[in-house]
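Analysis of the macromolecular model
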Amino acid sequence: MSYEIRSILYASDLTPRSPAVFRHAVGLALRFGAKLHAVTVTTPTTSLPFTEFIKKETLDEIKVAGRNQAESLLQQRIDIFAEAHPDMDVKSVLTSVRALEGEPARQILDMAEHTLADMIVMGSRGHSAIGELLIGSVAHKVTMKADVPVVLVPIDR
């Protein structure tokens, strides 16, 4: 039985350190000859306090605009990375770039299933145990619930 990684999901929070995480995702995809899917997740606009004063149609437009902006920003960052690292043939492995809305860990896990990901690559800030208990950690939730290996790249250290 051989070990294969055919599809990798890269989850980005669009922070300034996310290119360092992307570098690992691209490197793994190139090493394994895998497809790379990039995703970022925005929190639902329904959690904002002013939504009860906005018409549903307007709120839907705001949601679409937000997802489009997040997806555009993720694509721009990928393009900048690819230009700065011509030795890493990003275009040969990158298959999709998506922005989703919802609870981040759940959306990442659903996207991993949708793309048939054999691995998830994401950053981790390394909250303290008390910090994770109080505010939670997307990386921790994904790691605990994923059916595939999760590579956590330390960021913000």
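Use the structure listed above.
Because the structure is a prediction, the values reported are computed rather than measured.

Cut-offs used in this document
- Residues numbered from 1 in each chain as written.
- Predicted model: local features only at pLDDT ≥ 70, side-chain atom pairs only at ≥ 80, totals over all residues.
- Heavy atoms only, no water.
- 1 Å grid on protein atoms, 1.4 Å probe; cavity = no way out; pocket = protein on both sides within 12 Å on 5 of 7 lines; lining within 4 Å.
- Points joined across faces, edges and corners; volume = space filled by probe spheres on them.
- Helix = DSSP H or I, 4+ residues; strand = E, 2+ residues; numbered from the N terminus.
- Nonpolar A, V, L, I, M, F, W, Y, C, P; charged D, E, K, R; others polar.
- Buried < 20%, exposed > 50% of the residue type's maximum accessible area, 1.4 Å probe, protein only.
- Pairing = 2+ DSSP bridges.
- Axes fitted to C-alpha atoms, helices over the stretch in contact; angles between N-to-C directions.
- Contact = heavy atoms within 4.5 Å.
- Salt bridge = Lys/Arg side-chain N within 4 Å of Asp/Glu carboxyl O.

1. Remarks on empty space enclosed by the protein
For the coordinates displayed, the defined rule picks out one cavity of 30 Å³ or more. Here the largest cavity is characterised by a volume of approximately 60 Å³. If you trace the largest cavity, you find it lined by Tyr10, Ser12, Ser18, Pro19, Phe22, Leu74, Arg77, Ile78 and Phe81. When residues of the lining of the largest cavity are traced back to their parent elements, those giving at least two are β1 (7-12), α1 (18-32) and α2 (56-84). When the residues that make up the lining of the largest cavity are grouped by side-chain class, the tally is six nonpolar, two polar and one charged.

2. Structural notes on unusual backbone geometry
For Leu14, which is not glycine, the phi dihedral falls at a positive 60 degrees. With respect to the secondary-structure elements, Leu14 resides in the loop between β1 and α1. We note that Leu116 has phi near 55 degrees; this positive angle belongs to a residue other than glycine. Assignment of secondary structure puts Leu116 in the loop between α4 (104-114) and β4 (119-124). On the accessibility criterion, Leu116 (66% relative accessible area) is exposed.

3. Thoughts on the sheet that holds strand β3 (residues 94-101)
Here we have five strands laid out as an open sheet, ordered β3-β2-β1-β4-β5, and parallel in their pairing. Among the strands making up the open sheet, the edge pair consists of β3 and β5 (150-154). On average, each strand axis in the sheet is inclined to that of its neighbour by 20 degrees, with strand direction left out of account. Of the strands in this sheet, β1, β2 (35-42) and β3 touch α2, which is tilted by about 145 degrees from β3.

4. Describing the environment of Leu109
When you line up the elements, Leu109 lands in helix α4. C-alpha of Leu109 to C-alpha of Val148: the two residues are 39 residues apart in sequence and 9.6 Å apart in space. Those residues in contact with Leu109, other than ones at most four positions away along the chain, are Val142, Lys145 and Ala146.

5. Topic: the environment of Ala105
As for its position among the elements, Ala105 is in helix α4. A residue is classified by how much of its surface remains accessible, and Ala105, at 4% relative accessible area, is buried. C-alpha separation for the pair Ala105 and Lys141, spaced 36 residues apart in sequence, amounts to 6.1 Å. Filtering out sequence-adjacent residues up to four positions away, Ala105 remains in contact with Val138, Lys141 and Val142.

6. Some remarks on the pattern of salt bridges
Evaluated as defined, the whole model comprises four salt bridges. Ionic pairing is found between Arg6 and Glu4, a salt bridge with its closest N-O pair at 3.3 Å. Overall, the relative accessible area of 49% leaves Arg6 in the partly exposed class. We classify Glu4 as partly exposed; its relative accessible area is 45%. Residue Arg106 pairs with Asp110 through a salt bridge whose shortest N-O separation is 3.0 Å.

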